[in-house]
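Overview (structure and organization)
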Amino acid sequence: MSAGPADQIFALVDVNNMYVSCERAFNPKLRGRPVVVLSNNDGCAVARSNEVKALGVKMGAPWFEMKDLVRQHGIIGLSSNYTLYGDMSNRIMTILRTYSPNVEVYSIDESFLNLAGMSSLWESPSAMGQDIRAKILQWTTLPVCVGIGSSKTLAKLANHVGKKVPLFDGVCDFTTMSAARERWLLERIAVGEVWGVGRRIGAALEGMGITTVQALKDTEPRDMRARFGVVMERTCNELRGLSCLALEEIAPPRQEIVSSRSFGELVTSVDELAEAVTLYVARAGEKLRGQHSVCGAIHIFIQTNPFRRQDEQYSNGVSIPFAEPTADNRELTGAALRGLRRIYRPGFRYKKAGVMLMDLSPDKGGQGTLFESGRPRGESQKFMAVFDALNKRYGKDTLQLASAGTSNRWAMRAGNRTPKYTTSWQELPTVRAK
DNA sequence: TCTGGGGTCCTAGGACCC
DNA sequence: TCTGGGGTCCTAGGACCC
């Protein structure tokens, strides 16, 4: 068989109880003790040690509801320290890059590796997995599990098995496993464990009698598409070992940037809300400029505490477009505060506020996508002026003039990226200014 | 000038992920 | 008394354009 999707090998490396493990790395006294890491304002659990999971504490459980368990079992609650977790995450990603040049950092505690072509370096994929585990433990003290499969979905599933079944010692490889053994395992995993099957779809599948991963794998992907859509069809194909999701090594720039927080104490005045909103805009704006984008609109929202049934509830949001896309903090803040004044109502006790930067596009610094588009007639002069300026800046090799679709719209791009809404590009052989 | 079909672009809502 | 903060993709429908 020729090299193709069917011959892919992916590994998923994932840190066990990431935030708790990071805290334990710097405070060994926490080892073996029941530990939870808490969200902002110490509101609810965002990470749990195995000891806490064994007590039945769910992800997202409010800290105050654990009071009894805290007393009985001495659960230790820690405020989260995202700077620390980010730093530890970077160390792990650096180690992983010594195993494969093709790494996708999927989240703060998970990475996919493409192992295609690496097999000659190792006795087996599992041997490599065990080496990864040992090295990360030795260099960072963080425990990880490794799942290996011929699609990302199978690698995720293998990771789950490696974590749950002690026999595997933290590393599970579906690619070298006998079909019978794989089937035996998949028949014993609930369908909801599959990547892409959440609460709603999981319930719908169970209603159809599809309760295990194996049962989902045995369905006809086409039928699943008819019932649930193309995402589900892809998931089924991935379960069958047909890789549909490519490794994404380069993180694309964000399409929206959110900054929001719950308040520790309820807020009533517009001034306090304005102070919070100003801070959120500054944070979001930093991210925006960090990815060299500008935003075309900003959204502001505020809400009361829905858990306080005795309070009258109010929530509202408003989106404010900019005449010209911007990343300027003064403009962003000005618009946000104007929006806040429009939605603020006195007399409510507010719990949360946030801003969202939307309609993001690259600034002239160039993420390598659509810069400018228009029609050949009428707008060509403006168009050519922009083209000339960008051409001077980036050079002919990276900047192309193209026509999109059949509507004779013209667009420019730098690099290889295709604008969001353009389905077909035909590159024009020559560029003539009028 | 006429018309239909192909295409773009936007929005809201729903589902999922960590 | 106390309940997180981010993100993504897909779909359907409609306005508008040539």
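Worth saying up front: this structure is predicted, and the values here are computed from it rather than measured. Every chain's residues receive numbers from 1 upward, in the order its sequence appears when written. As they are written, the chains are lettered A onward and the ligands numbered 1 onward, keeping that order. Side-chain atom pairs in this predicted model are given and counted only at pLDDT of 80 or more, local residue features only at pLDDT of at least 70, and totals for whole chains, interfaces and linings cover all residues. As a rule here, side-chain values cover all heavy atoms of the structure and leave hydrogens and water aside.

1. Remarks on the protein's contact with DNA strand C
- Contacts to DNA strand C come from 25 residues, most closely from V258, S260, R261, S262 and K351.
- Distances are taken per atom, and a residue is near a molecule or strand as soon as one of its heavy atoms is within 4 Å of it. Close to the protein, within 4 Å, the atoms of DNA strand C belong to sugar or phosphate groups at a rate of 74%.
- The definition of a polar contact used here is a pair of N or O atoms within 3.5 Å, where within protein one atom must be able to donate a hydrogen and the other to accept one, and adjacent residues in sequence count solely through side-chain atom pairs. At 2.7 Å, a backbone N or O of S262 approaches a phosphate oxygen of DNA strand C.
- Put simply, the parts of the chain that give the surface near DNA strand C at least two residues each are α11 (230-239), β9 (257-267) and β12 (350-362).
- The element that contributes the greatest number of residues to the surface near DNA strand C is β9, accounting for six residues. Strands here are runs of E lasting at least two residues and helices are runs of H or I lasting at least four, both read from the DSSP assignment and numbered beginning at the N terminus.

2. Thoughts on the packing of helix α4 (residues 82-96) against helix α5 (residues 125-140)
- Only C-alpha atoms enter the line fits that serve as axes; for helices the fit covers just the stretch in contact. Angles between N-to-C directions range over 0 to 180 degrees. One way to put it is that α4 packs onto α5 with a least axis distance of 11 Å and a crossing angle of 140 degrees. With respect to each other, α4 and α5 are oriented oblique. Crossing angle aside, the handedness with which α4 passes α5 is right-handed. Only I132, K135, I136, W139 and T140 of α5 make contact with α4, whose side of the interface consists of M88, R91, I92, I95 and L96. An angle below 35 degrees is read as roughly parallel, one above 145 as roughly antiparallel, one from 65 to 115 as roughly perpendicular, and any other as oblique. In this scheme the handedness of a crossing depends on how the near helix is turned from the far one: anticlockwise by less than a right angle means left-handed, clockwise means right-handed. Contacts: residue pairs with any heavy atoms within 4.5 Å of one another.

3. Details of the sheet that holds strand β6 (residues 110-114)
- One requirement defines pairing of two strands: DSSP has to find at least two bridges between them. The five strands lie next to each other as β5-β6-β1-β7-β8, forming an open sheet whose pairing is mixed. Edge positions in the sheet fall to β5 (103-107) and β8 (171-173), since each of these pairs with one other strand and no more. Neighbouring strand axes in the sheet, compared pairwise and without regard to direction, differ in orientation by 15 degrees on average.
- The pairing of β5 with β6 spans four bridges and is classified as antiparallel. When the sheet's bridge partners are listed, E104 is paired in β6 with F112.

4. Focus: the UniProt feature "domain: UmuC" (unreviewed entry) in chain A
- UniProt positions are given in the numbering used here, feature names are shortened, and annotations may be inferred rather than shown by experiment. Summarizing the sequence annotation, UniProt attributes the feature "domain: UmuC" (unreviewed entry) to residues 10-198 in the numbering used throughout.
- Taken end to end, residues 10-198 comprises 39% helix and 20% strand; its first and last C-alpha atoms sit 22 Å apart.

5. Describing the side chain of S111
- When you line up the elements, S111 lands in strand β6.
- Taking relative accessible area as the criterion, S111 reaches 1% and is therefore assigned buried. Only protein chains enter the calculation, and the probe is 1.4 Å; a residue is then buried if its accessible area is under 20% of its type maximum, exposed if over 50%, and partly exposed in between.

6. Some details on the pattern of salt bridges
- Whenever a carboxyl oxygen of Asp or Glu lies within 4 Å of a side-chain nitrogen of Lys or Arg, that contact is scored as a salt bridge. Within the structure shown, the criterion is met by 15 salt bridges.
- The shortest N-O distance in the salt bridge between K217 and E182 comes to 3.2 Å. Linking K217 in helix α9 (residues 213-217) with E182 in helix α7 (residues 179-186), this pair joins segments that are 35 residues apart in sequence. An identical accessibility class is assigned to K217 and E182; each is buried.
- Connected via shared salt-bridge partners are R183, E187, R188 and D218.

7. Describing the packing of aromatic side chains
- Each Phe, Tyr or Trp ring (for Trp, its six-membered ring) is paired with any other whose centre lies within 6.5 Å, and the angle between the two planes then decides the class: stacked below 30 degrees, edge-to-face above 60, tilted in between. Taken as a whole and judged by the stated rule, the model has eleven aromatic pairs.
- Ring plane angle 10 degrees and centroid distance 4.3 Å describe the contact between Y19 and Y85, whose orientation is recorded as stacked. In this pair, Y19 is assigned in helix α1 (residues 18-26) and Y85 in helix α4, connecting sequence segments 66 residues apart.
- A relative accessible area of 0% means that Y85 is categorised as buried.
- Their ring planes at 20 degrees and their centres at 6.0 Å tell us that Y99 and W122 sit as a pair that is stacked. With a gap of 23 residues between them, Y99 in the loop between α4 and β5 and W122 in the loop between β6 and α5 connect regions that are remote in the sequence.
- The ring of W184 has R188 sitting right over it, with the charged end atom 4.0 Å from the ring centre.
- In this structure, R227 packs its charged tip against the face of F228, placed 4.5 Å from the ring centre. Note on geometry: a ring has a charge over it if NZ (lysine) or CZ (arginine) is within 6 Å of the ring centre and within 35 degrees of the ring normal.

8. What about the confidence of the model for chain A?
- Mean pLDDT over chain A works out to 84, with 82% of the residues at or above the 70 mark.
- Below a pLDDT of 50 lies the segment residues 365-383, which in the model reaches 54 contacts outside its immediate sequence neighbourhood of four places, other chains included. Predictor confidence is given residue by residue as pLDDT, running from a minimum of 0 to a maximum of 100.

9. Comments concerning the sheet that holds strand β11 (residues 315-326)
- Across the sheet, four strands lie side by side as β9-β12-β10-β11; this open sheet has antiparallel pairing. For this open sheet the edge positions go to β9 and β11, each flanked by a neighbour on one side alone. Averaged over neighbouring strand pairs, the angle between their axes works out to 15 degrees when direction is ignored.
- Across seven bridges, the pairing between β9 and β12 is antiparallel. Of the residues in β12, the one forming a bridge with S259 is V355.
- Here helix α12 (residues 270-290) sits on the sheet in contact with β9, β10 (293-304), β11 and β12, set at roughly 155 degrees to β9.

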